[in-house]
Amino acid sequence: MAPELSLAELLRRYRKAAALSQKELGEILGYSDTVVSRVENGKYTPSQEYIEQFLEAAQLGLTATEQQTIRDTYQQVSSKGTIPLSPQSDKPTAYTQAVPQRITNNLPPLYGDFLGRAADLKRVLAGLTSRWPVISIEGLGGVGKTTLAIEAACRSLSPTTMAPPFAFAVWVSAKDYPERKLWLEETLDTIARVLDHPYITQLPLSQKQYEVDNLLRTHRVLVLIDNYETMEDPDLEIWIQQVPEPSKVMLTTRQVTLRRVWDIHLQGLPDEDALQLIRQHSQRLELQGLEQASETTLLPLVHVTAGNPQALEMALGYVKYGGLDLESLVAALQTAYRGIDSIFDELFEWAWETLSEHARRVLMAMTFFADTAHKNALGAIAELGTCELAQALRQLTEMSLLEQPAGLLARYIIHPLTRAFATAQVQGHPDWETAARHRWLAWFKDLLVEHEPEYVEYWPLIDAIDNEESNLLLLLGWVWENCEENAIELTYRIWPFIYIHGHWPLGEKYVKRIDECAIASADDFFRLWLISQLAWILIMQGRYIESEAWLQRIIKEVDVLHCPELLIKTLALNNLAVIYMETGNFDAAEEQFDQLFAIMQGVSYEHEITTVYHNLARMRFWESRYEESVLLLHKILAKTECRGWKGQEAHTILWLIRALLALGRFDEAEQWLNHKTVLAYMSKEAVYNAHICNVSALLAANRGQISTALTWAYTAQGHYHRLGMHQYKDEMISFITRLEMRLAQSDGDH
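I will try to describe carefully the structure that is included in this document. Sequence positions are assigned chain by chain, starting from 1 and proceeding in written order. In view of the model being predicted, local features appear only for residues whose pLDDT reaches at least 70, and side-chain atom pairs are presented and counted only at 80 or more, with totals across whole chains, interfaces and linings using the full set of residues. With hydrogens and water stripped out, all remaining heavy atoms of the structure feed into the side-chain values.

What follows deals with the overall build of the protein. A run of H or I in DSSP counts as a helix once it spans at least four residues, and a run of E counts as a strand once it spans at least two, with each numbered from the N terminus. Secondary structure summary: the protein contains 37 helices and seven strands in total. Per-residue burial for the protein yields a buried fraction of 54% across its 750 residues. In this analysis, two residues are considered to be in contact whenever any of their non-hydrogen atoms come within 4.5 Å of each other. A fraction of 70% describes how many contacts in the protein between residues 6 or more apart in sequence connect residues 24 or more apart. A total accessible area of about 32,800 Å² is found for the protein, and carbon and sulfur atoms account for 50% of it. Summary of the burial criterion: residues with accessible area below 20% of their type's maximum are buried, those above 50% are exposed, and those between are partly exposed, where the area comes from a 1.4 Å probe applied to protein chains only. For accessible areas, the Shrake-Rupley method is used with a probe of radius 1.4 Å. Any residue's cover is judged against the shown protein chains and nothing else.

The next thing to look at is the nonpolar core. What tends to happen in soluble globular proteins is that the nonpolar side chains get buried as a cluster. Nonpolar cores were defined as sets of buried Ala, Val, Leu, Ile, Met, Phe, Trp, Tyr and Cys residues, with membership established by side-chain atoms within 4.5 Å. Residues Leu301 and Val362 are the most contacted members of the largest nonpolar core, which totals 176 residues. With residues near it in sequence (within four places) discarded, leucine 301 still touches Ile278, Leu312, Ala315, Leu316, Leu326, Val330 and Leu333.

Moving on, we come to the environment of tryptophan 550. With respect to the helices, strands and loops of the structure, tryptophan 550 is situated in helix H27 (residues 544-561). When near neighbours in sequence (up to four residues on either side) are disregarded, tryptophan 550 contacts Lys512, Ile531, Leu534 and Leu538.

With an omega of 10 degrees, the peptide bond running from glutamate 245 to proline 246 counts as cis. The residue proline 246 is located in the loop between helix H10 (234-241) and strand E4 (248-253) in this model. Within the chain, alanine 306 stands out as a residue other than glycine whose phi angle is a positive 55 degrees. In this structure, alanine 306 sits in the loop between helix H13 (295-304) and helix H14 (309-321).

This paragraph deals with the side chain of serine 532. Following the sequence through the fold, serine 532 ends up in helix H26 (residues 524-540). Residue classification places serine 532 among the buried residues on the basis of a relative accessible area of 1%. Looking at serine 532, its side chain comes within polar contact range of the side chain of glutamine 533, at 3.3 Å. Not counting residues within four places of it along the chain, the set of residues in contact with serine 532 comprises Ile554, Leu571 and Asn575. Polar contact criterion, stated in full: a pair of N or O atoms within 3.5 Å, where within protein one must be able to donate a hydrogen and the other to accept it, and residues adjacent in sequence count only if both atoms are side-chain atoms.

Pairing is possible between side chains that carry opposite charge, provided their charged atoms lie close to one another. Salt bridges are defined as contacts in which a side-chain nitrogen from Lys or Arg sits within 4 Å of a carboxyl oxygen from Asp or Glu. In the structure shown here, the tally under the stated rule is 33 salt bridges. A salt bridge links aspartate 189 to lysine 208; its shortest N-O distance comes to 2.8 Å. One end of the pair, aspartate 189, is in helix H8 (residues 184-194); the other, lysine 208, is in helix H9 (residues 205-218), with 19 residues separating them in the sequence. Each member of the pair, aspartate 189 together with lysine 208, is buried. Residue glutamate 623 is joined to arginine 620 by a salt bridge in which the shortest nitrogen-to-oxygen separation is 2.8 Å. You can call arginine 620 buried: its relative accessible area is 11%. Taken together, the shared-partner salt bridges in this structure form one network comprising Glu590, Arg620, Glu623, Arg625 and Glu628.

In this model, helix H24 (residues 487-500) (14 residues) spans 20 Å end to end at C-alpha, consistent with the 20 Å of a helix rising 1.5 Å per residue. When the local axis directions of H24 are compared, the greatest deviation, roughly 50 degrees, occurs at isoleucine 494, which is followed within four positions by the proline proline 496. Burial analysis of H24 places 14 of its 14 residues in the buried class, the great majority of the element. One or two steps after H24, the chain reaches glycine 502, where phi turns positive at roughly 75 degrees. Any helix carries an expected span of 1.5 Å times its number of residues minus one. Consider a residue and the seven residues that end there alongside the seven that start there; fitting an axis to each set, the bend is the angle between those axes.

This part is about the sheet that holds strand E2 (residues 168-173). Ordered by their spatial adjacency, five strands build an open sheet running E2-E3-E4-E1-E5, and the pairing between neighbours is parallel. Here the strands that pair on one side only, and so sit at the sheet edges, are E2 and strand E5 (261-265). Averaged over neighbouring strand pairs, the angle between their axes works out to 15 degrees when direction is ignored. Bridge count between E2 and strand E3 (residues 221-226): six bridges; the pairing is parallel. Bridge pairing links phenylalanine 168 to valine 221 in E3. What makes two strands pair is DSSP finding at least two bridges between them. Lines fitted to C-alpha atoms define the axes, with helix axes restricted to the stretch in contact, and inter-axis angles between N-to-C directions lie between 0 and 180 degrees.

Right, let's get into the packing of aromatic side chains. Pairing of aromatic rings covers Phe, Tyr and Trp, the last through its six-membered ring, and needs centres within 6.5 Å; plane angles under 30 degrees mean stacked, over 60 mean edge-to-face, and all others mean tilted. Enumeration according to the criterion identifies 22 aromatic pairs in this entry. Three or more aromatic residues link up through ring pairs in this structure, and these residues are Phe344, Phe348, Trp352 and Phe421. Charge over a ring is defined by NZ of Lys or CZ of Arg lying within 6 Å of the ring centre and within 35 degrees of the ring normal. Geometry around phenylalanine 166 places arginine 220 over its ring, the cationic atom sitting 4.0 Å from the centre. Taking NZ or CZ as reference, arginine 658 lies 4.8 Å from the ring centre of tryptophan 655, over its face.

Moving on, we get to the packing of H13 against helix H15 (residues 326-336). Close contact between H13 and H15 brings their axes to 10 Å; oriented N to C, the two are set at 25 degrees. Regarding the angle of H13 to H15, the classification is roughly parallel. Crossing hand, H13 versus H15: left-handed. Facing H13, whose interface residues are Thr297, Leu298, Pro300, Leu301 and Val304, H15 presents Leu326, Val330, Leu333 and Gln334. Among the residues forming the contact of H13 with H15, the class breakdown is seven nonpolar, two polar and no charged. Here roughly perpendicular refers to angles of 65 to 115 degrees, roughly parallel to angles under 35, roughly antiparallel to angles over 145, and oblique to all remaining angles. Each helix crossing is assigned a hand: it is left-handed if the near helix lies turned anticlockwise from the far helix by less than a right angle, otherwise right-handed if that turn is clockwise. When residues are grouped by polarity, Ala, Val, Leu, Ile, Met, Phe, Trp, Tyr, Cys and Pro land in nonpolar, Asp, Glu, Lys and Arg in charged, and all others, Gly among them, in polar.

Listed below in structure tokens is the structure:
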């Protein structure tokens, strides 16, 4: 019988039964108490490693039955997202594959402890379940508006907290761009990206707003706009107040002037919760005197900071490092008090004076990152050795200027107020910033070179540094904005993220900017390679005329430059062959293949030669020469398996499935659909996922499983639509229409 308790509840119950605190359990398992707390609160789904360590911990004394209960519950949690067996067949088929879980939010990591806000959280969640279109969390800086908003958003995505839950949560924040005032277009673009419709970002503003509003009507989306008070955009204000149901907007702001808002005004923590925060933070800082101090001793600090959580933590950090005892610190704050903003001004100035030079450099370096930063990157930018970096990070975290997100022990985040202060310090040190920016660029370039993929096998790179994607895209934007000489090479090295994760409009934007910057001859390879990759994206979007123009330009330039690398020309000719093939001009495509084989004789471009054969097999498919296509694809598979080219193998299997379906060899096609490479790659690449859904729909339809076929077809159509692959999308719409007619006819017969 399935366990009645959730996984989080089970883990918490067994810990308490063993009389262990969260800190003690964390020490046993090798995790921080924050990680244990968030696992037990249901905020984090633990890893398999965490569960196994928990089960093996002797101190818990779990029986075999209790261990099995935890394993069963964990299995239920980790296996969500699968499509059940088709009702027409009890036989396990390809349609029981795990469907990759879509990313449903871009929420930042939680900063700080969520303490003393239960009543406020309840009010926010009540607003989200009401008919009010806008929820506004108002309050002074550092009071916890952002933390409350993220906590509420996380809970609003869970069906156990909210019915119905939101399908997506979209985060837009002005914290890193205080000088920007107009935010409507950025908000619309972010919604389009999070909902996986990147093509919308290319549309004119009026059409973009129309498409995004349609998405918000179709899906239940929570749009969170952070630091709203710094935005001065009348169009954004109008859009917020007209957001279509069932979606909603949540604001964090110091004050709001909008009408029709469900407002929650945050005050400082109540005395009891503030005292608890002081004792917990004092324990972490090893300030035993304050941890055990009386309420009478601690309440003056609570009152002078108005119970502001960030101010309390910073004050305690200054007690540890600033040389003042608590009484003297409170007296100084009372003297300087002109409101909570003046308290922060004093605390930040005192903190800056107290920080070591090394810690100052790390704090300024932190402002270069989009969300989290790896400690090695911070050390490189700040020019610190391992020991120096460790000391600086310890001081910054204990003074509550940086924090480690739970479960990310080598990464750090920064509070929005601290970021604003640190950004001002960076602006006051322009020479340092110039040199540090180039160290920032150099560190990421070295990281990309270290993990540079062999041939065009992108996934080893993606797997290795996927958590740096937001930082890489931020870096790429800065490099292009400043027309740095490394812009083209960096775009080349970041291209795997752009292509695999579907940032195609962004890639098109940067490639088209190549001609606007002065280009050194050393960049010719990177530049022409990037143009060939853009041409490939245009082919997949059915933009054949544009693609052919770019490709003809490449061929002409290679001939004029007498480029020693034939690779670029082979890429261009290969893509031209695909254009002719997909537009039905098979004779022209055959000529391109002949030319390719002629110029590639005696060269070592093994992966590229295999790609040419792959496209030749595709042409045989389009010519209805299916048996020839299958034979050629099997030869290619033998090569890819031998060389370990997983990406090439996955795409070859895809076309093999299509050819087998065309031949009516459904059992073979089904076996290949369940191939481990297909299952692994399906969750990695957006366009590949779309194609696999496509062939799964075809197979289900040929099996007579119309409902299952419709499920896959609608999924494929959605993927194609999001990627701007309109030709494929239109084919799926036509296929769906035929399926629905078959389904209606079947219902009529019964």
